[in-house]
Each structure stands twice: as C-alpha cells, then as structure tokens.
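The residues making up each chain are set out below.
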Amino acid sequence: MEFRKQIIRSSSSCDDIACEADYKRINETVEQVTELLSLYYGLNNYYLPFTHDREFNGNTPYYTFNPEAADIFLEELISTIDELYWNDYPLPEDFFEAFDSDTILFYKSYLYLIIRIASIKNPYSKEKTGTGTFMELYNMYSDFVIPYTEDIFHRKFEIGIRDNELPGIFEVVQNMCVALGAEDSFLHKAESDSEQENALEQDNNYKLETAKCNAAAKGMELEQFLAMQDYLNENKHHLLQQKNEEMKANLGDFPERDKFISYAATFRDLFFRYNNHRIEHYIDTAIKLFLLRNNMSVLSHDETYTDTQSKIYATMTDIRSFVKKMQKEQLYKEDLRI
C-alpha cells in the first residue's frame, strides 16, 4: 500500500480563534527573523550621517540634506553595483551591454529617490517613516517588483479615473511630487485626448454598473447609493488635501527640488525595463556590502562574524532537534493508525 500523509488540520474547519493564533505565530516569527537580519547586517544603522549634516536646535540634533555628501554615498553604491555586475558578466562585451548608461541612470534615480524618501515623514503611510535607517531603505527596495506590465500600469493608474492607490514606491513619489507642486511631472499622461476620453468613459461605465450591484445588494435606491458615494469621496478628497498640506510642511524648503522631480521622471521612464528581482538583488547586496565594509555589520570583523555564526549555528541545531523530535512523534502516530 502506498503511504500518503494525511492533512491534520484543514482551513475549512479552522475556527476563528485557532486561525488568529496561527496568524499570530507566523507574524511574530516574521518579526523576529526581520529583526535578526536587521541586527546581523546592520540595517538598524542610520544612513543619514553619509547624506546629511548634523545640526542642533539647542540640545536637539537634526539633520539637513547635504547634496555633495549624498552624491558621494550614491556613487559608492553605484560603484559596488558595478562590481557585482562585473562578477556576473566577466566578458567585457556582456558587461557593457548589461551595465549601459541607462542602467546606471536608472540605479542613480532610484537610489536617489529612496534616500530622500526615507528621511521624510510620510503622512500617507500607516507605517513609521522618516527614520533615516538602512532598514527603511530595505523596506522600499524589498517591495521593488510590481505585478504589472507597463501597458496595464498605464491604464490602471495613469489614465481614466485615477483613484487607485499606486503600488510600491510610486505612491509616495507621486505624493511628494504633488506636495512639491509638480503633480504631472512623474506619471505618464494619456498619449492623446481620445485615449483619456475612452478610458474615462470605460471607468465611469464600470463604476456605474458596480454601483447598481452594490445598491441592489444593500437594498438602496441607486440615487441614494450614488449620493452616499459622493459624500464618502468628498471626505476622502478632504483628507487627502489635509495630508498633502502635512506633506508640504514635512518637506519644508526641500533641497534639490528640481533634481528630485527629474529623477522621479527618469525612474518612471525606465522602471519597466528593470522591474525584476535581479535588480532588487543587486541593490540589496550593494547596501549590505556597504554596511560590511564600513564597520556597521557583525560581518565587518572576524571576531563578531565568527561568534555570531556560532550562535546562529547553535540555534539552528537546537531547532533541527526540535523538528526531528516532532517528526518522529508524528511518524509514530501515523504508524499506530496504519
């Protein structure tokens, strides 16, 4: 008889309390592993000393953006990415084809944007932002790849009724461009009036049909449901205006405004050529190498590296023993059933 494992617990029979406990265990483990990686690679360190000047208001320190220092920091990261490309493309013709001028410009635009964004408090975000840590940079480039082709992105987010929340870094870049008075400088406009008109007509028809279904489901008249939707949209618009004013205040006298807007446009123009996990890997590795080489990681020193490796190995050994014990107990129970 062929042996087949049986499902012990099924999601179809999992009650709310048990499900909540399952999610809690997974989420707590993710938080622990994330914190471990942050400590291990040094992602909890601040990058601001490499891109900003430290000043004081009385005894309270604050940072002001230093364009020259930021350029040095960016060039170091680009140089490290260059090194990584050479490792992957040892033949000169392969390297120069992969790491051409557009590739370099794309990395510069993206890295410039994220170091500016990670130092600004974002009122649109539910998460804590503006910390100026390498971890915040990591959170942005770990969400680099988006599940859209350029055509789908353009139709869904750039033309028609633009009320969908933009994915990844696009949302905060657009919000900052709006706050800087350059709302139309980032996203691509419709190629023609007819493209925009067709998209608006399609979106309006879709929203009307959706409203009819929702109104019927709620037992409401269509006019009553549409009035309620208009009220909610007005409140949403008012809230967005408040957040925009807050963003303007947070940006203050934003240094290199035009450069930020220019790099935002460059990033949008080139993004879909580089929307892949390979680019994400290069940025991730370059930042970890920067931390390692600048004495900001446990990997930076032989002693801390060896000691940490030993501790992690010991922990993994303990976990493996727990897993093996659990597997043996499970096999014993299965043998009893057979």
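Residues numbered from 1 in each chain as written. Predicted model: local features only at pLDDT ≥ 70, side-chain atom pairs only at ≥ 80, totals over all residues. Heavy atoms only, no water.

Comments concerning the overall build of the protein
For the protein, the count of helices and strands is 13 helices and two strands. For a compact globule of 338 residues, the expected C-alpha radius of gyration is about 20 Å, and the protein comes in at 26 Å, more than 25% above that figure. Projected onto its principal axes, the C-alpha coordinates of the protein cover approximately 65 × 60 × 55 Å. Scored against the burial criterion, the 338 residues of the protein give a buried share of 33%. (Helix = DSSP H or I, 4+ residues; strand = E, 2+ residues; numbered from the N terminus. Rg over C-alpha atoms; globule rule 2.2 N^0.38 Å. Buried < 20%, exposed > 50% of the residue type's maximum accessible area, 1.4 Å probe, protein only.)

Some points on the packing of aromatic side chains
Within this structure, the stated rule accounts for 38 aromatic pairs. When the ring of Phe 153 is compared with that of Phe 157, the centres are 5.1 Å apart and the planes differ by 40 degrees; the resulting orientation is tilted. Within this pair, Phe 153 and its partner Phe 157 are both found in helix α7 (residues 150-158), separated by four residues, close to a single helical turn. Looking at Phe 157, the relative accessible area reads 4%, which means it is buried. The ring of Phe 65 has Arg 116 lying over it, and the distance from NZ or CZ to the ring centre is 3.8 Å. Over the ring of Tyr 41 we find Lys 288; its NZ or CZ atom is 4.2 Å from the centre of that ring. (Phe/Tyr/Trp six-rings, centres within 6.5 Å; stacked < 30°, edge-to-face > 60°. Lys NZ or Arg CZ within 6 Å of the ring centre and 35° of its normal.)

Quick notes on the packing of helix α8 (residues 169-179) against helix α10 (residues 222-251)
The interhelical angle for the contact between α8 and α10, taken along N-to-C directions, is 80 degrees, at an axis separation of 9 Å. With respect to α10, the element α8 is oriented roughly perpendicular. Contacts between α8 and α10 involve Asn 175, Met 176, Val 178 and Ala 179 from the former and Asn 244, Met 247, Lys 248 and Leu 251 from the latter. In terms of residue class, the contact of α8 with α10 is built from five nonpolar, two polar and one charged. (Axes fitted to C-alpha atoms, helices over the stretch in contact; angles between N-to-C directions. Parallel < 35°, antiparallel > 145°, perpendicular 65-115°, else oblique. Contact = heavy atoms within 4.5 Å. Nonpolar A, V, L, I, M, F, W, Y, C, P; charged D, E, K, R; others polar.)

Describing the pattern of salt bridges
This model, assessed by the stated rule, comprises 14 salt bridges. In this structure, Asp 22 and Arg 9 form a salt bridge, with 2.9 Å as the shortest nitrogen-oxygen distance. Pair noted here: Asp 22 is in helix α1 (residues 16-41) and Arg 9 is in the segment before α1, with a separation of 13 residues, a long-range link. Residue classification places Asp 22 among the partly exposed positions, given a relative accessible area of 27%. In this structure, Glu 150 and Arg 268 form a salt bridge, with 2.9 Å as the shortest nitrogen-oxygen distance. (Salt bridge = Lys/Arg side-chain N within 4 Å of Asp/Glu carboxyl O.)

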